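# Reading the structure
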Amino acid sequence: MADARPFHWEYVPEAPPPEAFRIEGGRPLRGTVTVSGAKNAALKLLAAACLTGERCRFENVPEIEDVRVMCEVLGDLGVVVEHPEPGVYEVAAGDVDWLFIPLEAAAKMRASFILLGPLLARFGRVIISNPGGDRIGRRPVNLHVDAMRALGAEIEYRNGYYYAQAPGRLRGGEVTFPQVTVMGTENAMLAATLADGHTVIRPAAQEPEVDDLIAFLCEMGAEVVRTAPDTIEVEGRKRLRGARHSVLPDRIETGTFLVAAAVTGGKLTLENAACEHVTALVDLFAKVGVPVECGARAIHIDATGLRPGDLRACDIETSPYPGLATDLQPPTCVLLTQATGTSRVNEAVFEDRIEWLSELRKLGASIDIEDAHHASIHGPARLHGAEATIGDLRAGASLILAALAADGSSLIHGAHHVQRGYENIDRKFQQLGASIVRSADTAP
Ligand code: EPU
């Protein structure tokens, strides 16, 4: 059985029509922006609704491509997904007759693998495609598979698919991860809610999105408790009920707008923002010298008084929550291009998430990429308009940030990566005074 090896697909999903961002930089952003619901919570909540046949309702769901893809994958399984108004989704998984997640779904969105736990736990079997790697690293799923086996599942790997079954019911047990994994923790937790007996998950990821999922599961009647910062315990139930939930604010979008204000010398109020979820970033802003003020459900940032040379270089290292999120490494690097001195970057979570810095260099940043995990940023750099290409979601948002800070016009190819995870990013920036349009990309 060839299990948990890196798997490199030749399959390439149909590419959306090419679009690019055209940005005229150098305008300070000003005003108020409302942070959307968190992508990385919404996707798991939608999957969790498969744990019951009763209707679940979600509010504050971001209107993004990944949510659309997840709804499409659920629809293909026979789950009824309704979208009565913007930001609201209702999911009824009464008749799920097709327990198969094809390669096409997995190739479009790695997060479709989160369906393994709920489908296996409720229906006792599922065939699910290996999601393979993506632009930020190899990203295997061995830890998800091991967690299901620790709960009694039998899983075989053949021709790119995991064939999983749990004759009878999954059994509660000890799920011990060799390293912290966000979706691995969530998959184990989802599966354990319907298992027979008690499950202990350790080390459990501490990301706020995991706790949002715990809150929803408890609303469904599950017994899930974080008994220590890195431990989640689950007492399995025979069935769960429908529930409703409002998705927590997106802390990565929050960080993206904070950096946007800082690098354009702007002044912003972020509404529906949870400052307590971006503490590592706010601490970093304090070290770098950008004033940020936290209020109840709002964050204020005023960079209008800053002059070139005022910001101080700072070394950063990404790590699981509560450390600096790997998803905030790209925006933070844009901030550090404006700081005086050399900032060392250690991307400790993913391999290959440093590569995008070569695109940032095209806008005038002075960066040495040392290896797959390390780089040095020398600042302050005077950024200038340029043409660059987006390789993944967070790098894409960060190239936009650099172009907003730069003098002159930029053309940023690969806009579709950004709409996977940021709701109306171009419209939100326009409302803050930015000159940004998304349009058909006619470049070769
Ligand atoms: N890992 C394994 N085996 C596994 C699972 C993970 O080796 O079976 C490794 C990964 O390769 C990585 C590390 O463990 O080096 C941590 O990965 P993790 O499992 O925590 O990542 P994930 O759950 O797949 C989620 C987010 C990512 C975010 C990471 C880290 C979702 C849908 N995705 O991914 O978000 O970067 O946690 O915080 O929740 C994004 O939103 O742009 C994004 C990439």
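Residues numbered from 1 in each chain as written. Predicted model: local features only at pLDDT ≥ 70, side-chain atom pairs only at ≥ 80, totals over all residues. Heavy atoms only, no water.

### Describing the domain arrangement of the protein chain
Assigned domains of the protein chain: these are domain 1 (19-36 + 249-440) and domain 2 (39-246). Taken over C-alpha atoms, the centre of domain 1 sits 31 Å from the centre of domain 2. In this complex, domain 1 contributes 22 residues to the contact, which on the side of domain 2 involves 21 residues. Summed over both partners, the interface of domain 1 with domain 2 comes to about 1800 Å²; 50% of that surface belongs to carbon and sulfur atoms. On the domain 1 side of the interface with domain 2, the three residues burying the most area are Tyr 321, Arg 420 and Glu 423, jointly 30% of the side's total. If you look at where domain 1 meets domain 2, you find 2 salt bridges. Ionic pairing is found between Asp 66 and Arg 420, a salt bridge with its closest N-O pair at 2.9 Å. (Domains from an automatic or database assignment. Contact = heavy atoms within 4.5 Å. Buried area = accessible area lost by both parts, 1.4 Å probe. Salt bridge = Lys/Arg side-chain N within 4 Å of Asp/Glu carboxyl O.)

### Section: the packing of aromatic side chains
Applying the stated criterion across every chain yields a total of 6 aromatic pairs. A ring pair is formed by Phe 113 and Tyr 162, whose centres lie 5.8 Å apart and whose planes are at 70°; its orientation type is edge-to-face. Remark: Tyr 162 occurs in strand E9 (residues 161-165) and Phe 113 occurs in the loop between helix H3 (103-108) and helix H4 (116-123); sequence separation between them is 49 residues. For the residue pair Phe 113 and Tyr 162, the accessibility class agrees, reading buried in each case. Seen in terms of ring centroids, Tyr 157 and Tyr 162 are 4.5 Å apart; in terms of plane orientation they differ by 40°. Their pairing is tilted. We classify Tyr 157 as buried; its relative accessible area is 7%. Members of the aromatic cluster, each reached through a chain of ring pairs, are Trp 98, Phe 100 and Tyr 161. (Phe/Tyr/Trp six-rings, centres within 6.5 Å; stacked < 30°, edge-to-face > 60°. Helix = DSSP H or I, 4+ residues; strand = E, 2+ residues; numbered from the N terminus. Buried < 20%, exposed > 50% of the residue type's maximum accessible area, 1.4 Å probe, protein only.)

### Focus on helix H5 (residues 142-150)
Taken residue by residue, H5 has Leu 143, His 144, Val 145, Ala 147 and Met 148 as its buried positions. Along its buried surface, H5 packs onto H4, strand E8 (154-158), E9, strand E10 (174-176) and helix H6 (182-192).

### Digging into the packing of helix H10 (residues 329-336) against helix H12 (residues 393-405)
Remark: H10 packs on H12, axes separated minimally by 8 Å, with the N-to-C direction vectors making an angle of 20°. What the angle tells us is that H10 and H12 run roughly parallel. The way H10 lies across H12 gives a crossing that is right-handed. Contacts between H10 and H12 involve Pro 330, Pro 331 and Val 334 from the former and Arg 394, Ala 395, Ser 398, Leu 401 and Ala 402 from the latter. Residues that form the contact of H10 with H12 fall into these classes: 6 nonpolar, 1 polar and 1 charged. (Axes fitted to C-alpha atoms, helices over the stretch in contact; angles between N-to-C directions. Parallel < 35°, antiparallel > 145°, perpendicular 65-115°, else oblique. Left-handed = near helix turned anticlockwise from the far one by under 90°. Nonpolar A, V, L, I, M, F, W, Y, C, P; charged D, E, K, R; others polar.)

### Things to note about the nonpolar core
In terms of nonpolar packing, the biggest core is built from 81 residues, with Leu 115, Met 189 and Leu 217 touching the most fellow members. Look past the residues within four positions of Leu 115 in its chain and what remains in contact with it is Ala 47, Cys 50, Met 70, Val 73, Leu 74, Leu 77 and Ile 101. Formed by 72 residues, the second largest nonpolar core is a distinct cluster that contains Ala 262, Val 288, Ala 339 and Ile 425. (Core = buried A, V, L, I, M, F, W, Y, C linked by side-chain atoms within 4.5 Å.)

### Thoughts on the environment of Thr 256
With respect to the helices and strands, Thr 256 occurs in helix H8 (residues 251-264). Take Thr 256: its relative accessible area is 1%, and that puts it in the buried class. As a C-alpha pair, Thr 256 and Gly 37 span 219 residues in sequence and 14 Å in three-dimensional space. In this structure Thr 256 touches Leu 328, Pro 331, Ala 397, Leu 401 and Tyr 422, once residues within four positions along its chain are discounted.

### Let's talk about the sheet that holds E10
Spatially, 4 strands are ordered E10-E11-E13-E12 in an open sheet, and the strand pairing comes out mixed. One side of each edge strand has no neighbouring strand; the edge strands of this open sheet are E10 and strand E12 (223-228). Pairs of neighbouring strands in the sheet enclose a mean axial angle of 20°, with direction left out of account. Judged from the 4 bridges that link them, strand E11 (residues 198-202) and strand E13 (residues 231-235) form a sheet pairing that is antiparallel. Paired with Thr 199 across the strands is Val 234, a residue of E13. The strands touched by helix H7 (residues 208-219) are E12 and E13; relative to E12, the strand with the most contacts, the crossing angle is about 140°. (Pairing = 2+ DSSP bridges.)

### What about the site of the ligand?
What surrounds the ligand is a group of 24 residues, the closest being Lys 44, Asn 142, Thr 181, Asp 327 and Val 349. Within the side chain of Arg 110, a nitrogen or oxygen atom sits 3.2 Å from an oxygen atom of the ligand. If the ligand stood free it would expose 820 Å²; the protein chains cover 90% of that surface. Breaking the shell around the ligand down by element, the ones donating at least two residues are helix H1 (39-48), H5, H6 and H12. There are two domains that each give the shell around the ligand at least three residues, and those are domain 1 (19-36 + 249-440) and domain 2 (39-246). (Near = heavy atom within 4 Å. Polar contact = N/O pair within 3.5 Å; in protein donor to acceptor, adjacent residues only side chain to side chain. Areas by Shrake-Rupley, 256 points an atom, 1.4 Å probe, with all protein chains shown as cover.)

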